[in-house]
Amino acid sequence: MGEKKKSGWLWPLGLMATGLAGAAVMVFRGCWHGKMSWPVRSHEYSYQVCMGCGIKRLFDEKAFRAYGPFSYDLNRLIEWERARRGQPQPQPKPSVERSAS
Ligand SMILES: [Zn+2]
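A.B. asks: Describe the overall build of the chain, listing the residues and the values that go with them.
C.D. replies: Regarding its fold elements, the chain presents 2 helices and 4 strands. For the chain, the N- to C-terminal ordering of α and β elements is α-β-β-β-β-α. Taking all 101 residues of the chain together, 18% fall into the buried category. Counted over contacts in the chain with a minimum sequence separation of 6, partners at least 24 positions apart contribute 11%. Within the structure as shown, the chain displays about 8,900 Å² of accessible surface, and the carbon and sulfur contribution to it stands at 57%.

Dropping the structure here:
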């Protein structure tokens, strides 16, 4: 018989219980986004990911804080940020190259 060890449950429960006691109620009622990951860089944008539910939020590296709306779709956040910066659409490169000889 080859029983696989389920070591996934062997977390430091004592440590977890302390945090869970307060958070469990809120977690079950819906995520409260209290536990965000470190900022992740994607192209020219930085964002944080919620460790609880995976929702994303833009992160200002200069101010070192999250801002803007929450969304599970990073593209929506980027669109929101573009609109905020006044760059609604990524412009295709204007054809500057002219065959002027
Ligand atoms: Zn969350």
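A.B. asks: Any chance you could break down the packing of aromatic side chains for me, citing the residues and the numbers?
C.D. replies: This structure, assessed with the given rule, holds 3 aromatic pairs. Among the aromatic residues, those joined into a cluster by ring pairs are W38, F59 and F64.

A.B. asks: How would you sum up the pattern of salt bridges? Please name residues and give values.
C.D. replies: In total, this model carries 4 salt bridges according to the counting rule given. Measuring nitrogen to oxygen at the nearest pair gives 3.4 Å for the salt bridge that ties E44 to R85. Of this pair, E44 sits in the loop between β1 (40-42) and β2 (45-49) while R85 is found in helix α2 (residues 74-85), placing the two residues 41 residues apart along the sequence. Classification of E44 as partly exposed rests on a relative accessible area of 47%. Sharing partners across several salt bridges, the network here consists of E44, E81, R84 and R85.

A.B. asks: Go over the coordination of the zinc ion with me, naming the residues and quoting the values.
C.D. replies: In this structure, C31 (SG), H33 (ND1), C50 (SG) and C53 (SG) serve as the protein donors to the zinc ion, at separations of 2.1 to 2.3 Å. Angles of 106 to 114 degrees at the metal separate the 4 donor atoms of the zinc ion, which places the site in the tetrahedral class. Here the donor residues of the zinc ion share one chain and are spaced in sequence as C-x1-H-x16-C-x2-C. The class for C31 is partly exposed, based on a relative accessible area of 31%.

A.B. asks: Before we move on, could you go through the nonpolar core and cite the residues and values that matter?
C.D. replies: Judged by nonpolar contacts, Y45, Y47, L58, Y67, L74, L77 and I78 together constitute the single largest core of 7 residues. Counting only elements with at least two residues in this core, the list comes to β2 and α2. The element best represented in this core is α2, accounting for 3 residues.

A.B. asks: Give me the lowdown on the pairing of strand β3 (residues 56-60), citing residues and values where you can.
C.D. replies: As paired strands, β2 and β3 are joined by 3 bridges and run antiparallel to one another. Residue Q48 lies in a different strand from β3, and its bridge partner there is R57. Connecting β2 to the next strand, β3, in antiparallel fashion are 6 residues, including G54 with a positive phi near 85 degrees. Of the strand pairs in this sheet, β3 and strand β4 (residues 65-71) are connected by 5 bridges, and their pairing is antiparallel. The partner of D60 across the bridge, within β4, is R65. In textbook terms, the turn of a hairpin is the stretch between consecutive antiparallel strands, and for β3 and β4 this stretch comprises 4 residues, one of which, F64, has a positive phi near 55 degrees.

Rules behind the numbers
Residues numbered from 1 in each chain as written. Predicted model: local features only at pLDDT ≥ 70, side-chain atom pairs only at ≥ 80, totals over all residues. Heavy atoms only, no water. Helix = DSSP H or I, 4+ residues; strand = E, 2+ residues; numbered from the N terminus. Buried < 20%, exposed > 50% of the residue type's maximum accessible area, 1.4 Å probe, protein only. Contact = heavy atoms within 4.5 Å. Areas by Shrake-Rupley, 256 points an atom, 1.4 Å probe, with all protein chains shown as cover. Phe/Tyr/Trp six-rings, centres within 6.5 Å; stacked < 30°, edge-to-face > 60°. Salt bridge = Lys/Arg side-chain N within 4 Å of Asp/Glu carboxyl O. Donors = N, O, S within 2.8 Å, 3.2 Å for Na, K, Ca; no water. Tetrahedral: all angles 85-135°; square planar, octahedral: opposite > 155°, others 65-115°. Core = buried A, V, L, I, M, F, W, Y, C linked by side-chain atoms within 4.5 Å. Pairing = 2+ DSSP bridges.

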